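# Structural features, examined
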Amino acid sequence: MSKQVNSSALFLGSCLALITTGLTFSIRAGILPQLGKSFDLSAEQLGFINSMWFLGFPISMILGGLFYYKVGPANIMRIAFISHTVGIILTIFATGYTSLLVSTLFIGFGNGCTEAACNPLIADLYSGKKMDKMLNRFHMWFPGGIVLGSLISKFMTDFGASWQTQMWVIMVPTILYAIIFWGKAFPEPKQEAAASISNNFKAMFSPIFIFLFCCMALTAISEFGPQQWVGIIMADSGASPMLILALVTGVMAVGRFFAGSVIKVLGQTGVLLFSAIFATIGIYLFSVVTGGMAYVAAIFFAIGVCYFWPTMIATTAQRVPLSGALGMSIIGGVGMFSTSIFQPIIGRWIDKSKEAVVASGQAVGNIDLAVGQATLAKLAIFPGILIVLFILFYFWQKRTYKPDTYAEESAVETA
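Residues numbered from 1 in each chain as written. Predicted model: local features only at pLDDT ≥ 70, side-chain atom pairs only at ≥ 80, totals over all residues. Heavy atoms only, no water.

### Examining the overall build of the chain
- Regarding its fold elements, the chain presents 18 helices and zero strands.
- When the backbone C-alpha atoms are referred to their principal axes, the chain occupies close to 70 × 50 × 35 Å.
- Counting all 415 residues of the chain, 58% fall into the buried class.
- The contacts of the chain with a sequence gap of at least 6 include a subset with a gap of at least 24, amounting to 87%.
- Of the accessible surface of the chain, which amounts to about 16,100 Å², a share of 69% is contributed by carbon and sulfur atoms.
- For the chain, the centre of its 23 positive side-chain charges and the centre of its 17 negative side-chain charges are spaced 5 Å apart. (Helix = DSSP H or I, 4+ residues; strand = E, 2+ residues; numbered from the N terminus. Buried < 20%, exposed > 50% of the residue type's maximum accessible area, 1.4 Å probe, protein only. Contact = heavy atoms within 4.5 Å. Areas by Shrake-Rupley, 256 points an atom, 1.4 Å probe, with all protein chains shown as cover. Lys, Arg positive; Asp, Glu negative; His and termini not counted. Charge placed at Lys NZ, Arg CZ, Asp CG, Glu CD.)

Here it is in structure tokens:
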């Protein structure tokens, strides 16, 4: 006799796995200055280390999407546990630049496995508006994990804890999600056709999927670019970088918890346009304000990027359903891949801007602040482009999308 699907337990395990992802993001952002000093690394080298987090992510997401229906989410999450554990331990015992690259790649691979398994898992557990709500509540725990990690990193750094000790903290949710998933039954796909790789590829050549694919690259760098570099870019702004990160991700977590109501009012396309406008305002404000106003900029930025990732995944699942787990993984993968590409570029912007200011001989009160704000001004271009794209998407979908296909009930009841 087959086991019943315990959707509550599966959802809880998924959230703990995403908390692990959030901790790897924020604690690594918090220890980035310490890594630079300990191993004498330039900003560009730190950028390449960051890029491994974002590179491992899409590799495992795409592989997980390709083999999701053959391997199953349970096995993908076992791989996630092994990758997280190996990556954390290798980071703790790193001896230099190369070992940090390898360890960060393992961590990114584990994070991608989490997304590859849990996004389609939740899409199969729930449907319609409830799927939108639960995907946002699941993704709430990425910023939730970042809040926890930011506060933990700041507290431990202020009290002189080593960066190695901070990395050990990430093992706690890693072990917990492995325990919760152990021995659980997982749901079958809602549409059998979605389990066909050939159907997935056909669906991914549709105009709407190609459009979402391109937009995801921009939404991801708009969200992760400023956040991953907050410790260095905002260090001399007169505000605490880790408190800014905690504030941003705290607002994001709250916003995602109430995503169901927001999407009900604005719709998926309206939420994406709204997000692009606020993200542009937030990043621009970061580039011109200092002191306490940086926290105001953080709120605008958080409201902007809050719904980007989960709404892009839900829009793919809802409007291109035959793309299946592979489609969701490809969308998430391109977001992380684009962010991976831009990490060393952002680091190079910082290095080159600093060199240019020093070479000019101009009297600059705070070089690091000037360089950080110039970098943020460049990053504001990405959500600015999205405003135009999502205006077009809003009217395109208003004319062609039939909302009556939007199912309301959960596909799988809690056991």
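Structure shown, so let's carry the discussion forward.
### Concerning the pattern of salt bridges
- The full count for this structure, using the stated rule, is two salt bridges.
- With a shortest N-O distance of 3.2 Å, Lys 154 and Asp 158 are connected by a salt bridge. Placement of the pair is Lys 154 and Asp 158 together in helix α6 (residues 141-158), with a separation of four residues, close to one helical turn.
- A residue is classified by how much of its surface remains accessible, and Asp 158, at 53% relative accessible area, is exposed.
- Salt-bridge contacts for Arg 256 lead to Glu 223; the nearest nitrogen and oxygen are separated by 3.8 Å. One end of the pair, Arg 256, is in helix α12 (residues 241-257); the other, Glu 223, is in helix α10 (residues 207-228), and 33 residues separate them in sequence. (Salt bridge = Lys/Arg side-chain N within 4 Å of Asp/Glu carboxyl O.)

### Brief notes about a nonpolar patch on the surface
- A surface patch of nonpolar side chains, amounting to about 380 Å² of accessible area, comprises Ile 59, Leu 63, Phe 67, Val 71 and Leu 105.
- For the nonpolar patch, the leading source of residues is helix α2 (residues 43-71), giving four residues.
- Here Ile 59 shows up in helix α2.
- What makes Ile 59 partly exposed here is its relative accessible area of 39%. (Patch = residues over 30% accessible without salt bridge, like charges linked within 9 Å, V, L, I, M, F, W, Y side chains within 5 Å.)

### Describing the packing of aromatic side chains
- Per the counting criterion, the structure on display carries 22 aromatic pairs.
- A centroid spacing of 5.4 Å and a plane angle of 70° characterise the contact between Phe 25 and Trp 53, whose relative ring orientation is edge-to-face. A residue pair is termed long-range when its members are at least 10 positions apart, and Phe 25 in helix α1 (residues 7-39) and Trp 53 in helix α2 qualify at 28 residues. Assigned by exposure class, Phe 25 and Trp 53 land together as buried.
- On the basis of an interplanar angle of 40° and a centroid distance of 4.7 Å, the ring pair of Phe 155 and Phe 159 is categorised as tilted. With respect to class, Phe 155 is no different from Phe 159; both count as exposed.
- These aromatic residues form a ring-pair network of at least three members: Phe 25, Trp 53, Phe 57, Phe 142, Phe 224 and Trp 309.
- A cation over an aromatic ring shows up here: Arg 137 above the ring of Phe 257, its NZ or CZ 4.0 Å from the ring centre. (Phe/Tyr/Trp six-rings, centres within 6.5 Å; stacked < 30°, edge-to-face > 60°. Lys NZ or Arg CZ within 6 Å of the ring centre and 35° of its normal.)

### Re α2
- Here α2 is 29 residues long and its end C-alpha atoms lie 39 Å apart, about the 42 Å a rise of 1.5 Å per residue gives.
- Helix geometry: α2 is bent most strongly at Gly 65, by close to 45°.
- Downstream of α2 by one or two residues, Gly 72 has phi in the positive range, about 90°. (Expected span 1.5 Å × (residues − 1). Bend = angle between axes of the 7 residues up to and from the residue.)

### Description of the packing of helix α3 (residues 73-92) against helix α4 (residues 97-125)
- Running from N to C, α3 and α4 point in directions that differ by 155°, and their axes come no closer than 7 Å. The angle between the axes of α3 and α4 places the two elements in the roughly antiparallel class. At the point where α3 passes α4, the crossing takes the left-handed sense. Two secondary-structure elements touch here, α3 through Pro 73, Ile 76, Met 77, Ile 79, Ala 80, Ser 83, His 84, Val 86, Gly 87, Ile 88, Leu 90 and Thr 91 and α4 through Leu 100, Val 102, Ser 103, Phe 106, Ile 107, Phe 109, Gly 110, Asn 111, Cys 113, Thr 114, Ala 117 and Cys 118.
- Here the residues of the contact of α3 with α4 sort into 16 nonpolar, eight polar and no charged. (Axes fitted to C-alpha atoms, helices over the stretch in contact; angles between N-to-C directions. Parallel < 35°, antiparallel > 145°, perpendicular 65-115°, else oblique. Left-handed = near helix turned anticlockwise from the far one by under 90°. Nonpolar A, V, L, I, M, F, W, Y, C, P; charged D, E, K, R; others polar.)

### As for the nonpolar core
- Counting residues in each nonpolar core, the largest one holds 120 residues, and the members touching the most others are Trp 53, Met 77, Phe 224, Phe 308, Trp 309 and Phe 390.
- Sorting elements by how many residues they give to this core places α1 first, with 15 residues.
- Those residues in contact with Phe 224 that lie beyond four places of it in its chain are Phe 25, Phe 54, Phe 142, Trp 309, Met 336, Thr 339 and Gln 343. (Core = buried A, V, L, I, M, F, W, Y, C linked by side-chain atoms within 4.5 Å.)

### Concerning the environment of Pro 383
- Mapped onto the secondary structure, Pro 383 falls in helix α18 (residues 381-400).
- Pro 383 sits 139 residues away from Ile 244 along the chain, and the two C-alpha atoms are 20 Å apart.

### Quick word on α1
- End to end, α1 covers 45 Å across 33 residues, agreeing with the expected 48 Å (1.5 Å per residue, within 8%).
- The largest bend along α1 measures about 45° and falls at Leu 32, with the proline Pro 33 one to four residues further on.
- In terms of residue burial, α1 counts as a mostly covered element, since 28 of its 33 residues are buried.
- Just downstream of α1, Asp 40 is the residue with a positive phi angle, here 55°.

### A few points about unusual backbone geometry
- With phi around 55°, Asp 40 is a residue other than glycine that occupies positive phi space.
- Taking relative accessible area as the criterion, Asp 40 reaches 70% and is therefore assigned exposed.

Function cannot be read off these values alone, since they describe shape.
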